[in-house]
Amino acid sequence: MRLLVRDVRQLQRLVVFEAVGRLGSFAAAAVELGMSQPAVSKQMKALEGSLRTALFDRGANRSEMTRDGAFLHQTVTEAFDILEARLSRLRGRVDQLRVAVQPSVAESWFVPRLGDMRAAVAPTDVHLTIFDSEHELTDIDHDVSVRFGDGPSPGLRSEQLVTEAVVPVASPELADKLGLTPHSPADALLTAPLLHVDRTGRSWQDWASWFAGNGLAYATPANAVVYPTYGSAVPLAISGNGVLLGWRTLMGDHLQRGLLLEVGPVVTQPNRGYFLQWPPALTRDAGFQRFRTWLRKTVSSQGKEDLRR
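On to helix α11 (residues 230-238), then. Along an α-helix, residues three or four positions apart point the same way, because every turn accommodates 3.6 residues. The set of residues buried in α11 consists of Tyr-230, Ala-233, Val-234 and Ala-237. Down the axis of α11, the smallest arc covering the buried residues is 115°, so these residues share one side. The inward-facing, buried residues of α11 abut α6 (103-110), β7 (196-197), β8 (226-227), β9 (244-247) and α12 (252-256). Phi turns positive, to about 85°, at Gly-240, one or two residues after α11.

The structure is reproduced here in structure tokens:
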């Protein structure tokens, strides 16, 4: 059992401490909390005594936080912010699971199967939240995420859904023009028009790492056009504007319909790929487990389609 949970008085002292730090004085905290100023002072002395650390430098007219006090106040504030956000979501909450996904994942795995997903996860309502790069994920409200990486993030549980397997793809017209086929060697693409996607906040393979995986050196030309997102580059590949480095498991529909063709070897990184990540508290949630089971089956069926190609 956590120490703070055993001592409710300590939690009460931290509430008073947060108010003192936020409002800047014992007097202002007393007014907000409906306490007397001496009672606030007594609570703060008790908190310092329990921690055996001075949290305030007390002067003749006012008290200022020590360095330890400032660090503790920052931690307490962050913890209270998290609690308030969670409590706010719980008020009047319906049975909903917020899933953060990148646009290409949403388009390939979720959008074509929304009806099937809703039926499989019911009565839980799944709400998709879109993020593009990793830094955006920290700013959006979500319960679980499907994200690219090489393992679990701190504090989260993780399950690898697919291994990173990327392959060059091109429109049939461009492939024919360049004489490219699925059996083309990697060096055949060194002189091909390549489409480049911005990797800021993204850690998946780019052309340099793909060529390196095939034993070749490659540097992105200084005048190369870099497209902001993977999704913005896909239509350009379909229209024959260049060769795109594509995820096999995300390009399935375009490949099946013949809009794009594989035009080179696949490079695989077994320990990298897309992961389902969730907080430990959700592990026993029935709605999450229904979603997890559905996603596993969906990704597995997508993988079998890839093998048949």
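Structure's up, so let's keep going.
All right, on to the side chain of Gln-102 then. Its location among the elements puts Gln-102 in the loop between β3 (96-101) and α6. Given a relative accessible area of 3%, Gln-102 falls into the buried group. When neighbours within four sequence positions are excluded, Gln-102 is seen to be in contact with Phe-131, Asp-132, Val-146, Phe-148, Trp-204 and Tyr-274.

Here helix α2 (residues 8-23) contains 16 residues, and its C-alpha end-to-end distance of 23 Å stays within 8% of the 22 Å for a straight helix at 1.5 Å per residue. Along α2, the residues classified as buried are Gln-10, Arg-13, Leu-14, Val-16, Phe-17, Glu-18, Ala-19 and Val-20. Of the residues flanking the end of α2, it is Gly-24, one or two places downstream, whose phi is positive at about 90°.

Across soluble globular proteins, nonpolar side chains have a tendency to be buried as a group. Counting residues in each nonpolar core, the largest one holds 44 residues, and the members touching the most others are Trp-109, Phe-110, Val-146, Val-243, Tyr-274, Phe-291 and Leu-295. The leading source of residues in this core is helix α13 (residues 286-308), at five residues.

What follows is about the pattern of salt bridges. Enumeration over the complete set of coordinates arrives at nine salt bridges. Taking the shortest distance from any N to any O, the salt bridge between Arg-22 and Glu-18 comes out at 2.7 Å. With a gap of four residues between them, Arg-22 and Glu-18 both fall in helix α2, about one helical turn apart. Overall, the relative accessible area of 44% leaves Arg-22 in the partly exposed class. For the salt bridge of Glu-262 with Arg-248, the shortest nitrogen-to-oxygen distance reads 2.9 Å.

Below, the discussion takes up the side chain of Gln-277. Tracing the chain through its elements places Gln-277 in strand β11 (residues 267-278). Within the structure, the side chain of Gln-277 is placed 3.2 Å from the side chain of Arg-147, a separation counted as a polar contact. Apart from residues lying up to four places away in sequence, Gln-277 is in contact with Val-144, Ser-145, Arg-147, Gly-151, Pro-152, Ser-153, Leu-156, Arg-157 and Ser-158.

Further remarks concern the packing of α2 against helix α3 (residues 26-33). Packing of α2 against α3 leaves a shortest axis separation of 8 Å and a crossing angle of 125°. What the angle tells us is that α2 and α3 run oblique. Of the two possible hands of crossing, α2 and α3 adopt the one that is right-handed. Touching Val-15, Val-16, Ala-19, Val-20, Arg-22 and Leu-23 of α2 are Phe-26, Ala-28, Ala-29, Glu-32 and Leu-33, all from α3.

Criteria and cut-off values
Residues numbered from 1 in each chain as written. Predicted model: local features only at pLDDT ≥ 70, side-chain atom pairs only at ≥ 80, totals over all residues. Heavy atoms only, no water. Buried < 20%, exposed > 50% of the residue type's maximum accessible area, 1.4 Å probe, protein only. Helix = DSSP H or I, 4+ residues; strand = E, 2+ residues; numbered from the N terminus. Arc of directions from axis to C-beta. Contact = heavy atoms within 4.5 Å. Expected span 1.5 Å × (residues − 1). Core = buried A, V, L, I, M, F, W, Y, C linked by side-chain atoms within 4.5 Å. Salt bridge = Lys/Arg side-chain N within 4 Å of Asp/Glu carboxyl O. Polar contact = N/O pair within 3.5 Å; in protein donor to acceptor, adjacent residues only side chain to side chain. Axes fitted to C-alpha atoms, helices over the stretch in contact; angles between N-to-C directions. Parallel < 35°, antiparallel > 145°, perpendicular 65-115°, else oblique. Left-handed = near helix turned anticlockwise from the far one by under 90°.

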